[in-house]
Structures are given as structure tokens and as C-alpha cells.
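Residue strings, one per chain:
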Protein chains: 2
Amino acid sequence: MAGGSREPGRSVTSKILAIFEAFEAAPGPMTLAEICSATGLPTSTVHRLLAELSSSELLERTSSGRYQVGIRLWELAQKAGRHLRETARPWIQDLAAVTNQGVTITVRKGRDSLVIDRAHGDQNLAVTSKVGSRLPLHASAAGKVLLAFETEWVRRNYLSEPLRKLTPVTHVDQRELEEELAAAAQDGYAQSLQEVRAGASAIAVPVFHSGQVASAICIVAEASRVTELKRYLPALRATAAKIENATRHLSRDAVIGAEYADGSLPQD
Amino acid sequence: MAGGSREPGRSVTSKILAIFEAFEAAPGPMTLAEICSATGLPTSTVHRLLAELSSSELLERTSSGRYQVGIRLWELAQKAGRHLRETARPWIQDLAAVTNQGVTITVRKGRDSLVIDRAHGDQNLAVTSKVGSRLPLHASAAGKVLLAFETEWVRRNYLSEPLRKLTPVTHVDQRELEEELAAAAQDGYAQSLQEVRAGASAIAVPVFHSGQVASAICIVAEASRVTELKRYLPALRATAAKIENATRHLSRDAVIGAEYADGSLPQD
DNA sequence: GCCCGGCTTCCACTGGGTGGGAAGCAGCTG
DNA sequence: CAGCTGCTTCCCACCCAGTGGAAGCCGGGC
């Protein structure tokens, strides 16, 4: 029988989530055994859940019998954040074409900035973060902008915890960052000179909605000097204004993640 | 007590899926009561599941207390089909910029074509299908291509069932379509002249991977004459070749949906 | 204030979920 | 090619997580 040593308190929902999170961390398709060890769930349980998820196409099986995230899940998820993404996309693409650089649009999600779309200039894809990737707020240009224009206590809260050094030049000193963010709020832009990845620098400006920062748009380039990045400011600002204008008619909830509603900063 | 009249045989997984599918059909955020009537599940059950899904951010609550699909679900789903989407994107965008028309890339999913990415030319977004939208294979240009280059029995199977007329000019006669698809296979492209939406026409070519159709790329324009659409053929073909080349190193499972693996055509 | 519709909480019951084990299977290896 | 090994699939008795009816709660309209 089963119950004897089973750890109680894990809902089915949490198990399903654990499985999907296992896929998020994995580099490619996974075998049953790999999923088991990643989630810590017993084989037969995982097997049954995988079979159920596969039958509804939330997962797919590769020809070798491994499992991978299914396109059906992608379909269901398309609704999330669609308004902002689709409204902003044309402007992002224009900006990428005009500047011939990589452009991203990001939102704040807890203590990270989350890339929700990007466009390329020519072929310089390598430096631009992928869609869906997360970066700590203090390292990326977009993150700094999102933080700089947040409410005082969100910013305080964020800076009070230890900050990770992604590269040798990532700013992690609290006092220094406070000043940098104050300057960013003043000037209306922030930059990150190789603070995320060596060789990649970026400049970002905020996009507002109903009086709050909703997102940030960011140009990523291989340039290493501020003066070069600053050239892009007028184009960036013009694009931000266009996006603000295009999203004005959208509801606040469609543009600003629901977590923002009460100003909370949930920890992961 | 509970069990008395409860309908057995519904797993938790199926209930969660039902909830997400309710969101897919809805135009915007939903209230608890709306989700209940959409799914047919009892209020308290839905309430508990929603609370659980919201706590893991798979769903979000709007400021008015309604529920909507959360960005976390979108994040988890980003992995699905990422390789094809991200590899193809630059070429799609270039094609859109060069032709100044809307461009989509689609894959076959059961009896539908599914738009997995798009790019715009100038501002003509209205005519191009949204990312994530499905269209029957016989109506869209991309669908015709996907069908024309499929194996004989998949095509037969598809044509044997009744076909829906999306507009007055949608081709639905089996014999006629068979000939049209044969011609498409011969010529290497297919078109749809206002067969999906009045005023929108399109031309599409296949993208192959390991000897099979993997996807189709499609130019959507307001043009209504074939000759105009045909102008885009060289550019389309060049783009398809570039994508084929860029995806060559990818595994078959990353490019072709797993359902293709055994050639099956699952019904919804 | 009172009513009404929808949201939230409560709680006893029970069947879907569970997971150890055993049988199947594919891919090596000597 | 038999024997082995690691993974997947199937089985089934047990029992707790999930269930859902009903009762409380909250807010907004009249």
C-alpha cells in the first residue's frame, strides 16, 4: 500500500508545478527518471501525471521517449501579458531597425526584471537577453530603471538584501546604488556597462502607465562607452512615448502585472 | 457530505486544464462565478484551485478581484517551441521589413495551422493573424502548404471530413482542393485569396526539416490579385531557405511538434 | 437599513491519488 | 545470445487530500 511513509501536504497542483519547474531548469527534453530526481517525487506518481499532461498536450514526447514542454501550454499562456507585448512590439521592432541594435522590453517581477519581448538589429542576437529570461534588478539597465521609478519602500526593500555580482564590475554597494538610482530617476534613464555580461552594455528608459512604471525598454549594444549609448536616448524616449500612448487605452491590469496592484514585492 | 452526487472520473489535472481552457475562450479577466459556469465545476472546488494557482502565480488577480492568466505560466511555456521560434525570428523580421507586409510563421497542430510568430511591415497589423491563433488547414495559405507537403494519408484524412466555409469564397470542395494542393506541391507555394477574412490575401511557402514540412512562412497583404502576391515569392523562398539552413543543426523534435513523430493526426 | 448576489470559509465524507513492488523492455556486454 | 542493468510501465490495496453542500461574510444598490 501507499500511505505509510508518504510526505503529506503536497497538493496535486504543487506536484504539477514542480514538474513544469523541472523543465524550466533543464537544458532540454527529460526522461522520467530525470524528472523524478529533479522533483523528488516517486516514479509512479510522476509517471501518471506525465501521462495525464501528455494526453492534454501540455507536455509532448520526443521520438526518443523523453518529455518536453508542449505547444499547448504555450498556447494557453499566450493570453498572459498579451496586450502590452503586442501593442509594444511594432515600436520595438522599428527601434531595432532604426538603431540597428538589440532592443528588449521588460517588466518587474518580484526582485527580477523579466524580458517579455525583444527585437534584433541586423544579426546581433548574442548579446540581447532571450525572451523570458530574468535578471536581478540592480544589474541590468532595464532593472535599474524599473527600480528607480518604483515607490520608495520597494526600492529600500530591494536594496536591503544582499546583491549578487554577475560580473566583476556589477555595482553592489547599497549607498552607491541609491545614488545611481536617484540620478536615473532624475535623468530619466539608466545604463549598465558590462554589469550583466562582459562585453555587453545597455541603456534603458521607463514606460509609464497611469502614473506608475509599467515596463522599461532597453537598447543592448557592444559599445563600452556611455557617450555611444547616449546617442540612442532620443530614439529610446520617442519609442517609450509611442508605447505609452498606444497602451493608454488599456486597463491597468493588462499592462501592469497584478502583483503591482498593492505595491507588494513578493519574495521567491 | 460531498461524494453523494459528485461526478467521478475527473482528475485534478483535468480540472486545472478546464480552468485554463475557460480563460482561453474568455475575452478578458473572469470572476469566480464565470469560471464556475464555464467549467461546470462547483464553486468551492474552483475557489480552492484558483487560490492555489494564484499563489504560484500561474494565475493573477486583477485589482477588481477577477482572475487572469499569470505571467508565470507564460514563463514556463516559453520553452515550448523556442528553438524554431527564436531561430526563425530574425529572418521573419527581415522579410517583413523588406516587403513591408505582415509575415507569419506557422506549424500544423492537428487539423489547424498555429501561428507561432509574426512580424509586421510598417503598421499593417490588422490583417495578420495574432500569435497563437489557429486556422483550419484548408483556408489559410500556410495551412494549404502544410497540407500539400504532408504524407498522402494525412491529407486524405483531413479532406475526408467536412470543411468549414470561413468566407463566401473559401474553397471547401474536396476534389477542387485536392487539385489545388497537388498544384501547390508542384509549384512549391500556396495562396489564399480572401478565404480566411474578406480583404486579406496571403501566399505561403514550406520550410523543411529532415525531409518533412516543419512549418510554413506566409506573407499577408491586402492585395487581391495573384500577380501582386507572386511578386513576394522570391523573397519568401530565400527566407525559407535561410530558416532551413539555420534550423538544420537542431534536433527534429525541437523543430517538428512531437505529434508529427508518428505521423498521426489527432482529432480534438 | 435591508436585501441580494457573489465571494469566502468550514467540515465530515470518500474516491481519486498514491507509491511500493513487480513485470516488461531495450540496450549493453562478455 | 543469455545475462545483466537501468529505465519505463502496470498493478492494486490503502487512506488522506480533495471534495462540495451549506453556512457565514462582505459590499453595493435601493
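Within every chain, residues take consecutive numbers counted from 1 along the sequence as written. To read the labels, note that chains go from A and ligands from 1, taken in the order they are written. Since the coordinates come from a predicted model, pLDDT governs what is reported: local features require at least 70, and pairs of side-chain atoms require 80 or more to be given and counted, while whole-chain, interface and lining totals use all residues. With hydrogens and water excluded, all non-hydrogen atoms of the structure serve as input to the side-chain values.

Peer 1: Before we move on, can you summarise the packing of helix α1 (residues 12-25) of chain A against helix α2 (residues 32-39) of chain A with the specific residues and values?
Peer 2: For any two helices packed against each other, the geometry comes down to the angle between their axes and how far apart the axes lie. Residue and element names in this part refer to chain A. For helices, the axis comes from a line fit to the C-alpha atoms of the stretch in contact; other axes are also lines fit to C-alpha atoms, and the angle between any two N-to-C directions lies between 0 and 180 degrees. Strands are runs of DSSP state E lasting at least two residues, helices are runs of H or I lasting at least four, and both sets are numbered from the N terminus onward. Two elements in contact, α1 and α2, have axes separated by 9 Å at closest approach and are oriented at 110°. As judged from the angle between their axes, α1 and α2 are roughly perpendicular. In this structure, α1 contributes Ala-18, Ile-19, Ala-22 and Phe-23 to the contact, and α2 contributes Ile-35, Ala-38 and Thr-39. A per-class count over the contact of α1 with α2 returns 6 nonpolar, 1 polar and no charged. Here the angle decides the label: under 35 degrees means roughly parallel, over 145 means roughly antiparallel, 65 to 115 means roughly perpendicular, and every other value means oblique. Every residue pair with non-hydrogen atoms within 4.5 Å of one another is taken to be in contact. Classes in brief: Ala, Val, Leu, Ile, Met, Phe, Trp, Tyr, Cys and Pro nonpolar; Asp, Glu, Lys and Arg charged; the others, Gly included, polar.

Peer 1: Which residues make up the interface of chain B and chain A, and what values do they have?
Peer 2: Between chain B and chain A, the contact holds 61 residues from the first and 60 residues from the second. Summed over both sides, the interface of chain B with chain A buries roughly 5400 Å², with 55% coming from carbon and sulfur. A salt bridge links Glu-60 of chain B to Lys-109 of chain A; its shortest N-O distance comes to 3.5 Å. Counting of polar contacts relies on pairs of N or O atoms within 3.5 Å, with two restrictions inside protein: one atom must be capable of donating a hydrogen and the other of accepting it, and residues adjacent in sequence are counted only when both atoms are side-chain atoms. On the surface where chain B and chain A come into contact, there are 27 residue pairs in polar contact (both at pLDDT 80 or more). Listed by contribution, the elements that provide at least two residues to the side of chain B that touches chain A are α1 (12-25), α3 (43-55), β1 (59-61), β2 (67-69), α4 (71-77), α5 (82-99) and β4 (112-119) of chain B. Among the residues forming the side of chain B that touches chain A, the class breakdown is 27 nonpolar, 14 polar and 20 charged. Accessible area that two parts lose when put together, with a 1.4 Å probe and added across both, is what the buried area reports. A side-chain nitrogen of Lys or Arg and a carboxyl oxygen of Asp or Glu constitute a salt bridge if their distance falls within 4 Å.

Peer 1: Quick one: what's the story with the relation of the copies chain B and chain A, residue by residue and with numbers?
Peer 2: For these two chains of identical sequence, chain B goes onto chain A by a turn of 180° and a shift of 0.0 Å along the axis, with RMSD 0.0 Å. Taken together, the rotation angle and the small translation identify this as a two-fold axis. Residues below a pLDDT of 70 in either copy are left out; the C-alpha atoms of the rest, at least 70 in both, set the least-squares superposition of the copies.

Peer 1: Hey, could you go over the pairing of strand β7 (residues 200-209) of chain A for me, with residue numbers and the actual values?
Peer 2: Regular strands place their side chains on alternate faces of the sheet. Residue and element names in this part refer to chain A. In terms of burial, β7 is a largely internal element, 9 of the 10 residues being buried. DSSP bridges decide pairing: two strands pair if at least two such bridges lie between them. Two elements, strand β6 (residues 190-197) and β7, share 5 bridges in a ladder whose sense is antiparallel. Looking at the pairing, Arg-197 lines up with Ala-200 of β7. Linking β6 back to β7 in an antiparallel pair, the connection comprises 2 residues, with Gly-199 at a positive phi of about 95°. As paired strands, β7 and strand β8 (residues 212-221) are joined by 9 bridges and run antiparallel to one another. If you follow Ile-203 over to β8, its bridge partner there is Ile-219. Counted between consecutive antiparallel strands, the loop separating β7 from β8 contains 2 residues, among which Ser-210 sits at a positive phi close to 45°. Note on classification: 1.4 Å probe, protein chains only; a residue is buried when its accessible area is under 20% of the maximum for its type, exposed when over 50%, partly exposed between these limits.

Peer 1: Pulling in residues and values, what's your account of the sheet that holds β7 of chain A?
Peer 2: Residues and elements named next belong to chain A. Pairing in this open sheet of 6 strands is antiparallel, and the strands run β5-β4-β3-β8-β7-β6 from one edge to the other. Pairing within the sheet leaves two strands with one partner each, and these edge strands are β5 (134-136) and β6. Neighbouring strand axes in the sheet, compared pairwise and without regard to direction, differ in orientation by 35° on average. Bridge count for strand β3 (residues 102-109) against β8 is 5 bridges, and the pairing is antiparallel. Pairing of Gly-102 across the sheet is with Val-220, part of β8. Strand contacts of helix α5 (residues 82-99): β3, β4 (112-119) and β8, with the helix running at about 65° to β4, the strand carrying the most contacts. Along the sheet face, helix α10 (residues 233-247) touches β7 and β8 and points at about 30° away from the line of β7.

Peer 1: Talk me through the sheet that holds β4 of chain B; I want residue IDs and the actual numbers.
Peer 2: Residues and elements named next belong to chain B. Spatially, β5-β4-β3-β8-β7-β6 is the arrangement adopted by the 6 strands of the open sheet, whose pairing is antiparallel. Of all strands in the sheet, those with a lone pairing partner are β5 (134-136) and β6 (190-197), marking the two edges. Ignoring which end each strand starts from, the neighbouring axes of this sheet average 35° apart. Sheet strands in contact with α5 are β3 (102-109), β4 and β8 (212-221), and its direction is about 65° off that of β4.

Peer 1: Summarise the packing of aromatic side chains; cite the residues concerned and give the values.
Peer 2: Residue and element names in this part refer to chain A. Here a Phe, Tyr or Trp ring, Trp counted by its six-membered ring, pairs with any other such ring whose centre lies within 6.5 Å, and the pair is stacked when the planes are under 30 degrees apart, edge-to-face when over 60, and tilted otherwise. Summed over the entire model, instances satisfying the criterion amount to 2 aromatic pairs over all chains. Taken together, a centroid distance of 5.4 Å and an interplanar angle of 85° make the contact between Phe-149 and Phe-208 edge-to-face. Of this pair, Phe-149 sits in the loop between α6 (141-148) and α7 (152-160) while Phe-208 sits in strand β7, and the two are 59 residues apart along the sequence. For Phe-208, a relative accessible area of 31% translates into the label partly exposed. Taking NZ or CZ as reference, Arg-231 lies 5.2 Å from the ring centre of Tyr-232, over its face. Two thresholds decide whether a charge sits over a ring: the Lys NZ or Arg CZ must be within 6 Å of the ring centre and within 35 degrees of the ring normal.

Bear in mind that shape data such as this cannot, by itself, settle questions of function.
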